[in-house]
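Single-letter residue listing:
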Amino acid sequence: CWDDDVHFDSHSRYYAPAVDAVVTTDVFSLDAYKRLGVPAILSLGNFSRELYRAAGLTRDIDVSFVGNCAKADRKQYMDFLRDNGIKVEGFGFGTQSGFIPMSEMCRVFNRSKINLNFSRLEHVGWIHGDNPPAARTMGHKGRPIEIAMTRSFCLSESYPALPRVLEVGSEIDCFTDKASLLEKVRYYLDHDARREEIA
């Protein structure tokens, strides 16, 4: 069950009783499966060591984001950084650069001083109607793990499951709003050694 953070309440909980066990990518769904009497294990995904690897490239991009800029408020955050003098490059749907192949995505991670990760989920209410438990606003993404595999620095929007996946402050750092994003971006652009230590 790949997207239990979004689909557990509308989908997975109904199928779970029909199976012997579940592999989920959502930390918080583990307890929900347990309450249903279904054994569940957490697997954050399989990532290719051949694709996601440190390439030793010059970090010539200050801040980057690879992903869909049309989702949630990602574009607003990136525009806010730009409006405050930060050089940000976006790659993916809704960006000037557009889509890039996976191999180029890994090069972007390796070239970036700061790789951004956003955790806010797209508006899921249209899937779930007015079901409040299903309309979670934050979810775990695989992007921080992909970035970490390239030995690059990830600055992620904070979300509840993150501390159960990576150690905040030593393996990744987080922001909670636009002001904290700007503050941390400025800090890590000025502190190369600390940023590389975390990477």
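Quick caveat: nothing in here was measured; it's all calculated off a predicted structure.

Draft legend 1. Seen up close, the pattern of salt bridges. If you walk through the whole model with that rule in mind, you get 13 salt bridges. Residue Lys-184 is joined to Asp-173 by a salt bridge in which the shortest nitrogen-to-oxygen separation is 3.0 Å. Note that Lys-184 is positioned in helix α7 (residues 178–190) and Asp-173 in strand β7 (residues 173–175), a separation of 11 residues in sequence. In this structure, Arg-195 and Glu-196 form a salt bridge, with 3.9 Å as the shortest nitrogen-oxygen distance. Relative accessible area serves as the criterion here: at 35%, Glu-196 is assigned to the partly exposed category. Within the structure, one salt-bridge network assembled from shared partners comprises Arg-59, Asp-192, Arg-195 and Glu-196.

Draft legend 2. Local environment of the side chain of Asp-26. Assignment of secondary structure puts Asp-26 in the loop between β1 (22–24) and α2 (29–35). Among the polar contacts made by the side chain of Asp-26, one reaches the side chain of Ser-29 at a distance of 2.6 Å.

Draft legend 3. Quick peek at the packing of aromatic side chains. Scanning the entire structure with this criterion turns up nine aromatic pairs. When the ring of Tyr-77 is compared with that of Phe-175, the centres are 5.8 Å apart and the planes differ by 45 degrees; the resulting orientation is tilted. With Tyr-77 in helix α3 (residues 74–83) and Phe-175 in strand β7, this residue pair connects regions lying 98 residues apart in the sequence. For the pair Tyr-77 and Phe-175, one class covers both residues: buried. Taking the centre distance of 6.4 Å and the plane angle of 40 degrees together, the rings of Phe-93 and Phe-99 count as tilted. For Phe-99, a relative accessible area of 68% corresponds to the exposed category. Ring-pair connections join several aromatic residues into one group, and the members of that group are Phe-65, Tyr-77, Phe-118 and Phe-175. The lysine or arginine in question, Lys-178, covers the ring of Tyr-77, its NZ or CZ lying 5.8 Å from the ring centre.

Rules of the game
- Residues numbered from 1 in each chain as written.
- Predicted model: local features only at pLDDT ≥ 70, side-chain atom pairs only at ≥ 80, totals over all residues.
- Heavy atoms only, no water.
- Salt bridge = Lys/Arg side-chain N within 4 Å of Asp/Glu carboxyl O.
- Helix = DSSP H or I, 4+ residues; strand = E, 2+ residues; numbered from the N terminus.
- Buried < 20%, exposed > 50% of the residue type's maximum accessible area, 1.4 Å probe, protein only.
- Polar contact = N/O pair within 3.5 Å; in protein donor to acceptor, adjacent residues only side chain to side chain.
- Phe/Tyr/Trp six-rings, centres within 6.5 Å; stacked < 30°, edge-to-face > 60°.
- Lys NZ or Arg CZ within 6 Å of the ring centre and 35° of its normal.

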